[in-house]
Amino acid sequence: MSDENGSAQARFQNHAIVEVVLLLVLFAYMALAQSRMVGDDFSFTVAGAGLMALVTYWTLYTLRDGLELIALRSGRSRH
């Protein structure tokens, strides 16, 4: 059980670090996009849409890992 908890915790920490990096990249994109019209540069718009989809997916994936970690810890505390 402790191996599961340790690997879940390590996975959650790694995913949280990637989450922070992705959010920083998204904020940088938004800062660059302030002076542009949506659709003016199609490739820039597509890159932004893809980045937003990736951040959304990764956020949900990280939340799933966090919930798994909470479930492992609460299951351990009941025994």
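Before reading further, recall that the structure is shown in the block above.
Since we're looking at a predicted model, the values are computed, not measured.

**Q** Sorry if this is basic, but what is going on with the overall build of the chain here?
**A** Helix and strand counts for the chain come out as 2 helices and 0 strands. Summarising the internal contacts of the chain: among those between residues at least 6 apart in sequence, 76% fall at separations of at least 24. Carbon together with sulfur atoms contributes 67% to the accessible area of the chain, which is approximately 5800 Å² in total.

**Q** Where do I start with the nonpolar core in this structure?
**A** Soluble, globular proteins show a tendency: their nonpolar side chains are buried together. Leu22, Leu26, Tyr29, Ala33, Phe44, Leu51, Val55 and Trp58 together form the largest nonpolar core, which totals 8 residues. Of all the secondary structure elements, the ones that give two or more residues to this core are helix H1 (2-33) and helix H2 (42-78).

**Q** Whenever I open this one, the pattern of salt bridges confuses me. Can you help?
**A** Two side chains with opposite charge may pair up if their charged atoms get near one another. By the definition in use, this model includes 4 salt bridges. Here Glu68 and Arg11 are joined by a salt bridge, their closest N and O atoms 2.9 Å apart. A residue pair is termed long-range when its members are at least 10 positions apart, and Glu68 in helix H2 and Arg11 in helix H1 qualify at 57 residues. Among the residues examined, Arg11 registers a relative accessible area of 28% and is labelled partly exposed. When the shortest N-O distance is used, the salt bridge between Arg64 and Asp65 registers 3.4 Å. Salt bridges linked by common partners bring Arg11, Arg64, Asp65 and Glu68 together as one network.

**Q** Whenever I open this one, the packing of aromatic side chains confuses me. Can you help?
**A** For any pair of aromatic rings, geometry is given as the distance between the ring centres together with the angle between the planes. By the definition in use, this model includes 3 aromatic pairs. Note on Tyr29 and Phe44: the rings are 4.6 Å apart at their centroids and 25° apart in plane angle, and the pair reads as stacked. Linking Tyr29 in helix H1 with Phe44 in helix H2, this pair joins segments that are 15 residues apart in sequence. Summarising the burial analysis for this pair, Tyr29 and Phe44 share the class buried. When the ring of Tyr57 is compared with that of Tyr61, the centres are 5.9 Å apart and the planes differ by 15°; the resulting orientation is stacked. Of this pair, Tyr57 and Tyr61 both sit in helix H2, separated by 4 residues, roughly a single helical turn. Here the aromatic cluster, defined as three or more aromatic residues joined through ring pairs, consists of Tyr57, Trp58 and Tyr61. Sitting over the ring of Phe44, Arg36 keeps its end group 4.1 Å from the ring centre.

Parameters at a glance
Residues numbered from 1 in each chain as written. Predicted model: local features only at pLDDT ≥ 70, side-chain atom pairs only at ≥ 80, totals over all residues. Heavy atoms only, no water. Helix = DSSP H or I, 4+ residues; strand = E, 2+ residues; numbered from the N terminus. Contact = heavy atoms within 4.5 Å. Areas by Shrake-Rupley, 256 points an atom, 1.4 Å probe, with all protein chains shown as cover. Core = buried A, V, L, I, M, F, W, Y, C linked by side-chain atoms within 4.5 Å. Buried < 20%, exposed > 50% of the residue type's maximum accessible area, 1.4 Å probe, protein only. Salt bridge = Lys/Arg side-chain N within 4 Å of Asp/Glu carboxyl O. Phe/Tyr/Trp six-rings, centres within 6.5 Å; stacked < 30°, edge-to-face > 60°. Lys NZ or Arg CZ within 6 Å of the ring centre and 35° of its normal.

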